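Analysis of the macromolecular model
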Amino acid sequence: MQVVQRGVVSGSPVLLTPGTSEKDPPPYGAQHCQDALWKGGNDALPPLWQEFKVLDDKSRYIDNSLYMGSWNRPLPGMRLDHHGDLIPGCEWHISPLGRSYFVNCNTRSTSWKKPKPGRPPGSLMPDRIIEGHSGRIWDLSYLNAGCDIMSASVDGSIRQWTRDGESIGKPWDSDGEAVGLLAVSPDKTMVVSGSTDGRLRLWNIKEGSLIGVPWKGHNAVVRCLDWSPNGLEIASGSEDGTVRRWDPYTGRQIVPTIETGHSWVFAVKYSPQGDKFVSGGMDKVIRVWSKDGELLKEFNGHGESAVKSLCWSKDGAHIFSGSASSDCSIRKWRLIDEEELFVLRGHTNIVTSLCLCPDECHLVSASMDCSIRIWDLENNKPLGDPLLHDDELFALTMSADGKHIATAGADAKIYLWSLDAALKNARVGSVHDGSAKADPHLKGRTAPSTDQAHNKGSARFGDVFWGKDFDHTPRRSAPPTGQPSPLRGRNLFNFLRFNTQLATTPPQEALQRHRLKYRLSSIRSSTHAVSVAPARDEDVSDSSSQIFVSPRYHLNK
């Protein structure tokens, strides 16, 4: 992708640090149309902003200081967020000097900080919170029966941790590239990682060292990885639209590249039997492939939302899929006849990860709505209240015995949870509210989308508007206190997200088969020195299907 600045094509945009400062955001009530005071005025973008073209020249505007995007052009007095972007009663605006700020219509106040969800008193707390990464964590994996954990971060490192939160050895450096994902070999001796440079790296877990040289093949960011059950091959999916399969012992591709038709590939998973694999991506279609790369099945059902996460049943007969917003659903499919069996609703943002418990009675999901949900597959309902994070969730992993889960995301922290405790807490809650007995008539039906399903304990709700930190002693929560430390981002352009459908698209509209034809290119960016105080490192959030754009491959094509 080419970047155009004032009609000149360059390799990457130059976004200079702004040169004036503002101590306080505009007061409540000052959100009216007025002239921009940054250099270039209303005809130019604010400092550290860029404009991209998507969906037949529809403009998407990105604030690189916050990792947030808007379909509305950033001008003083223009509301930038869309429905569902922020917690209720809050708005995103830009000051006359070009700095993003937030309005709380409930308290009639403003703040430079993005609003955070509150944790309702009584919600279950994690057993432990592990800190050590300096940037958001994109992926996690349990390593062994002792519940050691491996994490991959935008800070360019891979780290190992004990369940007690102690760091194991030194961080592994990925040549300074943000590490977006990892997959551990079945025998737990090696791990493969994918980065923003499009290359894969194989590591010896015991030695903590790189094996050989990075594998080259993808010409864009690697978005998903999976190791075959027999350990003899690795599948990778990328923003270049391909799935490639590798021999872990030679680092070479073992079969021809598969052009998936997804445009961008967000998920790839081998079946437990290893005789096929499934992929999902930007084109909203789920595809099942043979080991020879032959297309076997296609599933449509997530409306206009991209497929972000996948997992198999143990017998390989069923597939679970999670989607981006505006759908935000989890669906179960029967492979033999491609039938959709049921839909699970409750999340209010992208479903980023899915894990099926070993007994297959429960499904666990993580979402960018800052919550983890446990689903009862007997009645297709969420079990108890969500487990809550302080920020957006990207990663979820489950221990081999199904007793523990670990989650991580934008706040650069790893949360460790006891699944047994969560299930016990949910059973206690169900007895209290009279819902302990499952309704057999609901089996096989769509879980209802009620206000409680969407709102109770949801990350979109809570009494605390400006994110707070908490006493993380393993116990039931008390009212939050304290202030979180700001997240340090490594790369201004890392993992920006862009919408790929119009906001007016009905969330349940049937999928129309077609290939995506969109152009994603930066057509201008601000380069003038107008300094404002640094803002929090936050993610883009919008109310419809989202994808991620990384710096190296999507500011230079």
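Residues numbered from 1 in each chain as written. Predicted model: local features only at pLDDT ≥ 70, side-chain atom pairs only at ≥ 80, totals over all residues. Heavy atoms only, no water.

Let's talk about the overall build of the protein chain
- Secondary structure summary: the protein chain contains 3 helices and 41 strands in total.
- Out of the 557 residues belonging to the protein chain, those deemed buried represent 61%.
- For the protein chain, the share of sequence-separated contacts (at least 6 apart) that also reach a separation of at least 24 residues comes to 58%.
- Accessible area for the protein chain stands at about 21,600 Å²; split by element, carbon and sulfur atoms hold 50% of it. (Helix = DSSP H or I, 4+ residues; strand = E, 2+ residues; numbered from the N terminus. Buried < 20%, exposed > 50% of the residue type's maximum accessible area, 1.4 Å probe, protein only. Contact = heavy atoms within 4.5 Å. Areas by Shrake-Rupley, 256 points an atom, 1.4 Å probe, with all protein chains shown as cover.)

Notes on the side chain of serine 228
- Mapped onto the elements of the fold, serine 228 is located in the loop between β18 (222-227) and β19 (234-238).
- Taking the relative accessible area as the measure of exposure, serine 228 reaches 3% and is therefore buried.
- Setting aside chain neighbours within four positions, we find serine 228 in contact with Pro186, Glu233 and Tyr270.

So, the sheet that holds strand β7 (residues 100-104)
- The 3 strands are arranged β6-β7-β8 in an open sheet whose pairing can be described as antiparallel. The strands lining the two open edges of the sheet, one partner per strand, are β6 (90-94) and β8 (109-111). With direction set aside, neighbouring strand axes in the sheet form an average angle of 30°.
- Strand direction decides the pairing type here: β7 and β8, joined by 3 bridges, are antiparallel. (Pairing = 2+ DSSP bridges. Axes fitted to C-alpha atoms, helices over the stretch in contact; angles between N-to-C directions.)

Concerning the pairing of strand β23 (residues 265-270)
- Counting buried positions along β23 gives 5 out of 6 residues, so the element sits mostly inside the fold.
- Judged from the 5 bridges that link them, β23 and strand β24 (residues 276-281) form a sheet pairing that is antiparallel. By the bridge assignment, valine 268 is partnered in β24 with serine 279.

Digging into the pattern of salt bridges
- Counted according to the given criterion, the structure contains 20 salt bridges.
- The salt bridge partner of arginine 79 is aspartate 81, with a shortest N-O separation of 2.9 Å.
- For arginine 79, a relative accessible area of 37% puts it in the partly exposed group.
- For aspartate 81, a relative accessible area of 6% translates into the label buried.
- With a closest N to O distance of 3.1 Å, aspartate 175 and arginine 201 form a salt bridge. Residue aspartate 175 is located in the loop between β13 (167-173) and β14 (179-184), and its partner arginine 201 is located in strand β16 (residues 200-204); the two are separated by 26 residues in the primary sequence.
- According to the relative accessible area criterion, arginine 201 is buried, its value standing at 1%.
- One continuous salt-bridge network, built from bridges that share partners, spans Asp175, Asp197, Arg199 and Arg201. (Salt bridge = Lys/Arg side-chain N within 4 Å of Asp/Glu carboxyl O.)

A few points about the nonpolar core
- Grouped together as the largest cluster of nonpolar side chains are 21 residues, with contacts concentrated most on Val192, Leu200, Trp215, Leu225 and Phe277.
- Take this core: its biggest share by element is 4 residues, from β18.
- In this structure, Ile129, Ala366, Leu387 and Leu419 belong to the second largest nonpolar core, which totals 20 residues. (Core = buried A, V, L, I, M, F, W, Y, C linked by side-chain atoms within 4.5 Å.)

Section: the sheet that holds β13
- Spatially, the 4 strands line up as an open sheet ordered β10-β11-β12-β13, and their pairing is antiparallel. If you trace the sheet from one side to the other, it starts and ends with β10 (137-142) and β13, each paired once. With strand direction ignored, the average angle separating the axes of adjacent strands in the sheet is 15°.
- Two elements, strand β12 (residues 157-161) and β13, share 4 bridges in a ladder whose sense is antiparallel. By the bridge assignment, glutamine 160 is partnered in β13 with isoleucine 168.

Quick word on the packing of aromatic side chains
- Counted under the stated rule, the structure contains 9 aromatic pairs.
- For the cation-ring pair, arginine 60 lies above tryptophan 71, with the distance from its terminal atom to the ring centre recorded as 4.7 Å.
- Here arginine 99 stacks its cationic end above the ring of tryptophan 112, 3.8 Å away from the centre of that ring. (Phe/Tyr/Trp six-rings, centres within 6.5 Å; stacked < 30°, edge-to-face > 60°. Lys NZ or Arg CZ within 6 Å of the ring centre and 35° of its normal.)

Some words on unusual backbone geometry
- Positive phi, close to 55°, is recorded for aspartate 175, a residue that is not glycine.
- One non-glycine residue, serine 263, lies in positive phi territory at about 75°.
- Tracing the sequence through the fold places serine 263 in the loop between β22 (258-259) and β23.
- According to the relative accessible area criterion, serine 263 is partly exposed, its value standing at 24%.

So, the confidence of the model for the protein chain
- Model confidence for the protein chain is summarised by a mean pLDDT of 76, while 72% of its residues fall at 70 or above.
- Note that pLDDT drops below 50 for residues 434-523; the model gives that stretch 276 contacts with residues more than four away or on any other chain.
- Scored below 50 in pLDDT, residues 526-557 makes 192 contacts in the model with residues more than four places away or belonging to other chains. (pLDDT = per-residue confidence, 0-100.)

Overview of the environment of glycine 217
- Tracing the backbone through its elements, the reader meets glycine 217 in the loop between β17 (209-215) and β18.
- Relative accessible area serves as the criterion here: at 27%, glycine 217 is assigned to the partly exposed category.
- Linking glycine 217 and leucine 200, residues 17 residues apart in sequence, is a C-alpha distance of 8.7 Å.
- Each residue touching glycine 217, except ones within four places of it in the same chain, is listed here: Arg244, Trp246 and Gln253.

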